[in-house]
Amino acid sequence: MALNNFCLVCGGTGCESSKADDIFKNLRTAVEAHGLTGQVQVVKTGCFGFCEKGPIVKILPDESFYVEVKPEDAEKIVAEHLVKGRPVKELLYKTADQVTAKTEEDIQFYQKQIRIVLRNCGIINPEDVQEYIARDGYLGLEKVLFEMTPQQVIDEVKKSGLRGRGGAGYPTWLKWTNTSKTPADQRYVICNADEGDPGAYMDRSTLEGDPHSVLEAMTIAGYAQGATKGFIYIRAEYPLAIHRLEVAMKQSREMGLMGKNILGSGFDFDIEIRLGAGAFVCGEETALIQSIEGKRGMPVPKPPFPSVSGLWGKPTSINNVETYANIPVIITKGGDWFASIGTATSKGTKVFALTGAINNSGLVEVPMGTTLREIVYDIGGGIKGGKAFKAVQSGGPSGGVLPAASLDTPIDYESLTKIGSMMGSGGLIVLCESDCIVDVVKFYLDFSVEESCGKCAPCRIGGRKLLNILDKITKGKGTLEDLATMEQIGFAMQRASLCMLGGTTPNPILSTIKFFREEYLEHIEQKKCRAGKCKDLVTYTVIADKCIGCTVCARKCPVNCISGERKAPHVIDQSKCIKCGACFDACKFGAILVS
Amino acid sequence: MTLQELRAMREAGQKAMDRRVGGDKSIEIIVGMGTCGIAAGAKETLDAFVNELNSKDIRNVVIKQVGCMGFCHSEPTVEIRMDGMPDIIYGNVDPETARKIVHSHILEKKLVDKHVFDRPSKDIVKEK
Ligand SMILES: Cc1cc2nc3c(=O)[nH]c(=O)nc-3n(C[C@H](O)[C@H](O)[C@H](O)COP(=O)(O)O)c2cc1C
Ligand code: SF4
Ligand code: SF4
Ligand code: SF4
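So, a few notes on the structure that sits alongside this text. (Residues numbered from 1 in each chain as written. Chains lettered and ligands numbered in written order. Predicted model: local features only at pLDDT ≥ 70, side-chain atom pairs only at ≥ 80, totals over all residues. Heavy atoms only, no water.)

Regarding the overall build of chain A
- Within chain A one finds 22 helices and 18 strands.
- A compact globule built from 595 residues would reach a C-alpha radius of gyration of about 25 Å, and chain A, at 28 Å, matches this within 12%.
- Considered along the principal axes of its C-alpha atoms, chain A spans approximately 85 × 75 × 40 Å.
- The buried share of chain A, reckoned over its 595 residues, is 61%.
- Only carbon and sulfur atoms are counted for the fraction: they give 53% of the accessible area of chain A, which is about 22,900 Å².
- When the 69 basic and 69 acidic side-chain charges of chain A are each reduced to a single mean position, those positions are 5 Å apart. (Helix = DSSP H or I, 4+ residues; strand = E, 2+ residues; numbered from the N terminus. Rg over C-alpha atoms; globule rule 2.2 N^0.38 Å. Buried < 20%, exposed > 50% of the residue type's maximum accessible area, 1.4 Å probe, protein only. Areas by Shrake-Rupley, 256 points an atom, 1.4 Å probe, with all protein chains shown as cover. Lys, Arg positive; Asp, Glu negative; His and termini not counted. Charge placed at Lys NZ, Arg CZ, Asp CG, Glu CD.)

Structure, rendered in structure tokens:
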């Protein structure tokens with residue numbers, strides 16, 4: 001007999017601890033006891049991303065969704081649901097208003113994610129325009145070209161409340177209005193795909209998974225602003241994204257969705273790709289424009305803003321990849337629909353690249369206003385290896401760290417800025433107890449100093465000074481005055497830097513001095529790094545009493561600085577030790593002491 | 001292309017996407033081929049599917065490549081859509097698991113334990 005029901009038990013790390021294993025076994029036993037072995041299959045699955053209500057059991061094909069299941073419920077689920085076909089009501093998920101939801105379809109967004117930007121990623125073949133079209137692709141363009149005036153398009157975007165996803169959160173409609181209002185014989189639209197902050201890959205994935213959505217959006221933007229030419233500025237290190245864009249552009253041109261007289265509407269629009277060499281500062285809009293013009297990519301003072309005088313002196317609007325990817329949906333589903341998602345000031349969703357000490361790392365797209373706790377624990381499945389949460393770094397080198405106290409802050413532009421971080425492009429790096437805050441901050445500062453273009457003094461000199469002080473602190477040579485000095489330099493850089501690279505470089509430092517002052521103090525006063533990351537502050541020694549002389553550490557040590565006879569306590573030569581920690585990881589007897 | 005042709009193409013495409021529900025016999029294997037998937041070995045997985053299908057002479061299967069599904073911690077990810085089985089996303093599909101999927105999911109219509117994942121969200125495009 002063929003299987004006709006599948007019983008999925010969430011075996012994600014979050015649920016594992018709460019008895020998912022027993023539920024799984026009990027379900028199997030019950031299935032057997034009821035003679036359903038050939039008809040029902042019980043399997044363990046990855047995380048369903050609903051850990052707060054776990055463990056979860058889902059029955060396919062009817063999609064019944066049981067939450068907070070206990071091992072003893074297994075028998076009931078099998079006897080009632082699988083044998084008699086009657087769902088076990090008390091275990092079904094209840095929505096906030098106490099209505100029992102039967103299937104996950106009824107559960108309003110139980111998964112916490114809403115995919116607008118990523119609507120097609122992982123669903124369509126990005127190299128096949130027909131699949132994009134079948135999923136309402138170019139429907140927005142169609143509507144815009146044949147049913148709407150440029151002003152109506154801008155009005156719809158205004159209604160949606162969409163703000164730029166490239167970091168600053170500038171209202172998209174306003175940027176478009178400014179550009180379209182500047183009198184000119186030519187205007188340009190640019191897509192900023194320079195995404196270069198460590199840990200971020202949202203834009204790359206969007207372009208790889210759904211390139212046409214950005215092409216369609218740029219064409220709509222061109223129509224709305226009276227521009228007939230667009231540029232995509234993308235870094236050369238993204239070869240797959242570039243390839244998929246090129247394929248998509250070729251298809252669009254062949255099909256008359258790009259080029260002259262699009263779909264017979266009389267509107268012309270074409271796009272060119274420009275490759276960036278991978279300097280972080282070239283993501284800054286004025287530097288990006290310089291770079292497209294063939295000059296060295298350095299920021300220039302604003303105003304004039306690009307919307308007034310941009311590429312080759314013409315009015316230009318620059319938007320981020322993710323900003324664009326929202327546009328076709330705003331047109332097809334309406335600005336009001338979009339504005340119904342999110343918070344009062346931040347509408348729609350945000351894509352985050354969730355990485356670091358987290359179980360389910362990956363790309364997530366959540367409505368604005370989702371809390372960090374939901375992202376870290378429900379979607380991310382909690383901290384790896386059961387370690388303790390320390391902080392989330394948001395916004396990359398321009399952002400800050402959010403401590404445990406901010407876990408329940410709803411994420412939107414304003415609330416992140418208020419706590420000294422920023423939305424940035426959307427990298428979220430989860431830090432746990434084995435990460436050292438000072439060390440992490442130094443990593444970002446290193447990056448910013450390396451990427452500074454050197455044009456203005458606050459950034460060029462201030463950044464270097466900050467890095468020197470941090471370096472001192474990680475070597476145990478810091479003083480209390482150093483903290484105050486860093487704050488002073490930081491405030492000055494925020495105010496006096498020419499572009500936001502320098503203006504945001506101090507953010508990681510300033511936010512950590514605020515939230516993790518005690519860790520700085522530990523480094524300064526006690527010369528101690530509790531996470532053991534600041535190498536100059538840790539020593540590895542063998543505890544003679546515990547060492548049984550197994551020689552494992554000596555063989556693992558990359559610099560051969562551990563010596564000792566077999567079965568006798570070993571010794572580490574401190575003058576040669578490079579503090580790699582290999583001996584600590586290798587010793588099975590807890591005989592290596594990190595202090 | 002004219003507006004009419006675009007609309008016709010969209011309609012035809014939508015029908016093709018819905019057809020499966022109506023009992024079409026074709027099987028779709030959808031492999032996530034973003035940078036993250038490829039780095040995790042999605043190409044080897046894809047090859048394993050092709051070889052396994054060839055060696056078992058299974059012909060009613062289309063293999064599709066898509067972008068990142070978002071489960072970067074469990075790449076390579078693969079979705080199987082076929083008649084008589086619910087749509088299933090599998091994670092951590094190495095060549096060995098790919099062969100298991102062909103053998104178990106496609107031929108025997110049984111799920112492959114420990115690799116099943118749930119879709120991260122509802123489909124806003126289908127929701128009118
Ligand atoms: C140093 C620096 C790097 C930047 N890098 C990017 C980037 O990689 N991608 C991006 O979209 N915006 C980046 N920006 C922001 C852009 O200057 C600009 O604000 C953005 O592209 C506007 O698009 P939006 O309104 O759609 O967000 C960067 C800004 C600075 C100061
Ligand atoms: S702030 Fe830094 S990156 Fe920006 S212009 Fe000045 S030196 Fe260059
Ligand atoms: S691994 Fe541990 S027990 Fe073995 S020799 Fe080294 S310190 Fe001693
Ligand atoms: S920390 Fe590394 S270098 Fe130092 S003794 Fe242990 S293994 Fe050798």
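Section: the packing of aromatic side chains
Residue and element names in this part refer to chain A.
- With the rule as written, the count across this model stands at eight aromatic pairs over all chains.
- Arranged with centres 5.7 Å apart and planes meeting at 65°, the rings of Y188 and W312 form a pair that is edge-to-face. With Y188 in strand β6 (residues 188–193) and W312 in the loop between α10 (285–292) and β9 (316–320), this residue pair connects regions lying 124 residues apart in the sequence.
- Judged by relative accessible area, Y188 falls into the buried class, the value being 11%.
- On the basis of relative accessibility, which here comes to 41%, the residue W312 falls in the partly exposed class.
- Taking 5.2 Å as the distance between ring centres and 75° as the angle between the ring planes, the aromatic pair formed by F443 and Y444 counts as edge-to-face.
- Since its relative accessible area comes to 47%, F443 is described here as partly exposed. (Phe/Tyr/Trp six-rings, centres within 6.5 Å; stacked < 30°, edge-to-face > 60°.)

Thoughts on helix α16 (residues 457–474) of chain A
All names here are of chain A.
- For α16, spanning 18 residues, the distance from its first C-alpha to its last is 25 Å, which sits close to the expected 26 Å at 1.5 Å a residue.
- Burial in α16 covers these residues: C459, G462, G463, L466, L467, I469, L470, I473 and T474. The buried side chains of α16 occupy one side of the element, clustering within an arc of 165° when seen end-on.
- Residue G476 follows α16 closely and has a positive phi angle near 80°. (Expected span 1.5 Å × (residues − 1). Arc of directions from axis to C-beta.)

Here's the deal with the pairing of strand β2 (residues 40–45) of chain A
Residues and elements named next belong to chain A.
- The buried fraction of β2 amounts to six of the six residues, a majority that puts the element mostly inside the structure.
- Pairing of strand β1 (residues 5–10) with β2 involves six bridges; the strand directions are parallel. Bridging from a neighbouring strand, L8 pairs with V43 of β2. (Pairing = 2+ DSSP bridges.)

Considerations on the site of ligand 1
Residue and element names in this part refer to chain A.
- Residues in contact with ligand 1 amount to 18 residues; listed here are only the nearest, G166, K175, N192, N320 and T323.
- Within the contact set of ligand 1, an oxygen atom lies 2.6 Å away from a backbone nitrogen or oxygen of G166.
- N319 places a side-chain nitrogen or oxygen 3.0 Å from an oxygen atom of ligand 1.
- Protein burial of ligand 1: of its 610 Å² of free accessible surface, 89% is covered by the chains.
- Those elements that provide at least two residues to the shell around ligand 1 are β9 and α18 (500–504).
- At three residues, the largest contribution of residues to the shell around ligand 1 is made by β9. (Near = heavy atom within 4 Å. Polar contact = N/O pair within 3.5 Å; in protein donor to acceptor, adjacent residues only side chain to side chain.)

Some thoughts on the interface of chain A and chain B
- Contact residues are listed per partner, giving 61 residues for chain A and 49 residues for chain B.
- When the two sides are added together, the surface that chain A and chain B hide from each other amounts to roughly 4,600 Å², 57% of it contributed by carbon and sulfur.
- When the area that chain A buries against chain B is broken down by residue, the three leading residues are R115, G122 and R135 of chain A, summing to 12%.
- Our count for the contact surface shared by chain A and chain B stands at three salt bridges.
- R10 of chain B is the salt-bridge partner of E142 of chain A, the closest N and O atoms lying 3.0 Å from each other.
- Where chain A packs against chain B, one counts 16 residue pairs in polar contact (both at pLDDT 80 or more).
- The residue inventory of the side of chain A that touches chain B, partitioned by class, reads 29 nonpolar, 17 polar and 15 charged. (Contact = heavy atoms within 4.5 Å. Buried area = accessible area lost by both parts, 1.4 Å probe. Salt bridge = Lys/Arg side-chain N within 4 Å of Asp/Glu carboxyl O. Nonpolar A, V, L, I, M, F, W, Y, C, P; charged D, E, K, R; others polar.)

Details of the environment of R115 of chain A
- With respect to the helices and strands, R115 of chain A occurs in the loop between β5 (113–114) and α3 (129–134).
- The spatial distance from the C-alpha of R115 of chain A to the C-alpha of T349 of chain A is 7.8 Å, given a sequence separation of 234 residues.
- A distance of 3.3 Å separates a polar side-chain atom of R115 of chain A from the backbone oxygen of L363 of chain A.
- From its side chain, R115 of chain A meets the backbone oxygen of M69 of chain B in a polar contact 3.2 Å long.

Things to note about the pattern of salt bridges
Residues and elements named next belong to chain A.
- Following the criterion strictly, the structure yields 37 salt bridges over all chains and no others.
- Across the salt bridge formed by E208 and R204, the nearest N and O atoms sit 3.7 Å from each other. A residue pair is termed a helical-turn pair when its members lie 3 or 4 positions apart in one helix, as E208 and R204 do in helix α7 (residues 202–209) at four residues. Grouping residues by exposure puts E208 and R204 together as buried.
- When the shortest N-O distance is used, the salt bridge between K229 and E272 registers 2.6 Å. Taken together, the residues K229 in strand β7 (residues 229–235) and E272 in strand β8 (residues 270–276) connect sequence positions 43 residues apart.

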